[in-house]
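The primary structure of each chain is shown beneath.
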Amino acid sequence: MEVFAGYTEHADTQAGRLLNALDDMGVRENTLIFYIWGDNGSSAEGQNGTISELLAQNGIRTEIKDHIKVMNELGGLDVLGSPKADNMYHAAWAWAGSTPYRSTKLVAAHFGGTRTPLVVSWPKQIDPDDTPRPQFHHVNDIVPTIYDVLDITPPETVDGITQDPLDGVSLAYSFGDADAKGQKPHQYFEVMGSRAYYEYEWIASVFGPRTPWTPGISPSIFKWTPDGDTWELHDLSTDHSQVHNLAEGNTDMVTALKEAFRETAKDNKVFPIGGGL
């Protein structure tokens, strides 16, 4: 975590250098900036703490003593954060970093694996305030927002290639009104078999076959099929951290959201579910 804190300060400093350069160029006031802090939740692939995340990514079991031994051979604690290591903190720190959400990065079912802070700055057009915007949005809304504020119609073809339609919607309506009604009706999530579907403040979700913080690869993965998964259901208007599973009393809604996920996933070339395993 000490290395992570140092990297965070470093990244923040570099972002500050970019802003200073825009000031020096005299274009800061009319520059639209989207600053996303984070990477889809905290990373739990560190498992018990690792000097090589690729070991976890490839399902290779290790013990803490192995990491300490190699770290000492490479030069001791100073190796951490250097080009000699691909270190990552203990998964428990990832869980803490995703508070108050239930899971971490690589879990699409819960916001701890998908939700990150966004700051939008455009001094010429946006009066800054400190009121968080609660409207639900996704990273696929950034490009539509830029097209919107610049009054650009997305091209249907680029270099002779027909473009896929944009799923996102502009979030520019929230720039001047923190209380504006959200305009994002639905959104799907999927990573390595973990998945979710959001629609009008409800979200149906499945944890999936792989637990990021568990060492190695469970043999059960090779027998897993998405057809056998049990879905959760949460009302985000009253349960933003997905604590209360309402699936049992709302089977029709779960079925409808599962079908909506299937259709949206098909349109976005997600199939086969779990293909990334």
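Predicted, not measured: the structure shown is a model, and the values here were computed from it.

A. Spatial organisation of the overall build of the protein. A tally of helices and strands in the protein yields 6 helices and 8 strands. Listing each helix as α and each strand as β along the protein from the N terminus yields α-β-α-α-α-β-α-β-β-β-β-β-β-α. Seen along its three principal axes, the alpha-carbon backbone of the protein occupies a region of about 55 × 55 × 45 Å. Taken over 277 residues, the protein has a buried fraction of 36%.

B. Summary view of the packing of aromatic side chains. Following the criterion strictly, the structure yields 8 aromatic pairs and no others. Every member of this aromatic cluster is reached through a ring pair, and the members are Tyr-101, Phe-111, Phe-136, Phe-189 and Tyr-198. Between Arg-115 and the ring centre of Phe-111, over which it is positioned, the NZ or CZ distance is 4.1 Å.

C. Spotlight on the pairing of strand 5 (residues 186-191). As paired strands, strand 5 and strand 6 (residues 194-199) are joined by 6 bridges and run antiparallel to one another. Paired with His-186 across the bridge in strand 6 is Glu-199. Linking strand 5 to strand 6, which pair antiparallel, is a turn of 2 residues; within it Met-192 sits at a positive phi near 50°.

D. Representation of empty space enclosed by the protein in the model. Across all of its chains, the model carries 2 cavities of 30 Å³ or more by this definition. Taken as a whole, the largest cavity holds about 100 Å³ of empty space. Taken together, 14 residues line the largest cavity, and the ones lying closest to its centre are Gln-47, Asn-48, Gly-49, Thr-62 and His-67. Among the secondary structure elements, those contributing two or more residues to the lining of the largest cavity are helix 2 (53-57) and helix 3 (64-74). Residue composition of the lining of the largest cavity, grouped by class: 5 nonpolar, 7 polar and 2 charged. By volume, the second largest cavity amounts to about 70 Å³. What lines the second largest cavity is simply Glu-45, Gln-47, Ala-56, Gln-57, Gly-59, Leu-106, Arg-210, Thr-211, Pro-212, Thr-214 and Gly-216. Grouping the amino acids of the lining of the second largest cavity by side-chain chemistry returns 3 nonpolar, 6 polar and 2 charged.

E. Molecular detail of unusual backbone geometry. With omega at 10°, the peptide bond leading from Thr-99 into Pro-100 counts as cis. Take Pro-100: it is sitting in the loop between helix 4 (91-97) and strand 2 (118-121). The phi dihedral of Asp-151 is positive, around 55°, even though this residue is not glycine. Within the element layout of this structure, Asp-151 appears in the loop between helix 5 (142-149) and strand 3 (157-158). Classification of Asp-151 as exposed rests on a relative accessible area of 72%. Unusually for a residue other than glycine, Tyr-200 sits at a positive phi of about 50°. A relative accessible area of 59% means that Tyr-200 is categorised as exposed.

F. Focus on helix 6 (residues 251-267). Between its first and last C-alpha atoms helix 6 spans 25 Å; for 17 residues at 1.5 Å apiece the expected length is 24 Å, and the two agree. Taken as a whole, helix 6 has its buried residues at Val-254, Leu-257, Ala-260, Phe-261, Thr-264 and Ala-265. Seen end-on, helix 6 carries its buried residues on one side only, within an arc spanning 130°. Looking at helix 6, the residues exposed on the side facing more than 90 degrees away from the buried face are Asp-252, Thr-255, Lys-266 and Asp-267.

Calculation criteria
- Residues numbered from 1 in each chain as written.
- Predicted model: local features only at pLDDT ≥ 70, side-chain atom pairs only at ≥ 80, totals over all residues.
- Heavy atoms only, no water.
- Helix = DSSP H or I, 4+ residues; strand = E, 2+ residues; numbered from the N terminus.
- Buried < 20%, exposed > 50% of the residue type's maximum accessible area, 1.4 Å probe, protein only.
- Phe/Tyr/Trp six-rings, centres within 6.5 Å; stacked < 30°, edge-to-face > 60°.
- Lys NZ or Arg CZ within 6 Å of the ring centre and 35° of its normal.
- Pairing = 2+ DSSP bridges.
- 1 Å grid on protein atoms, 1.4 Å probe; cavity = no way out; pocket = protein on both sides within 12 Å on 5 of 7 lines; lining within 4 Å.
- Points joined across faces, edges and corners; volume = space filled by probe spheres on them.
- Nonpolar A, V, L, I, M, F, W, Y, C, P; charged D, E, K, R; others polar.
- Expected span 1.5 Å × (residues − 1).
- Arc of directions from axis to C-beta.

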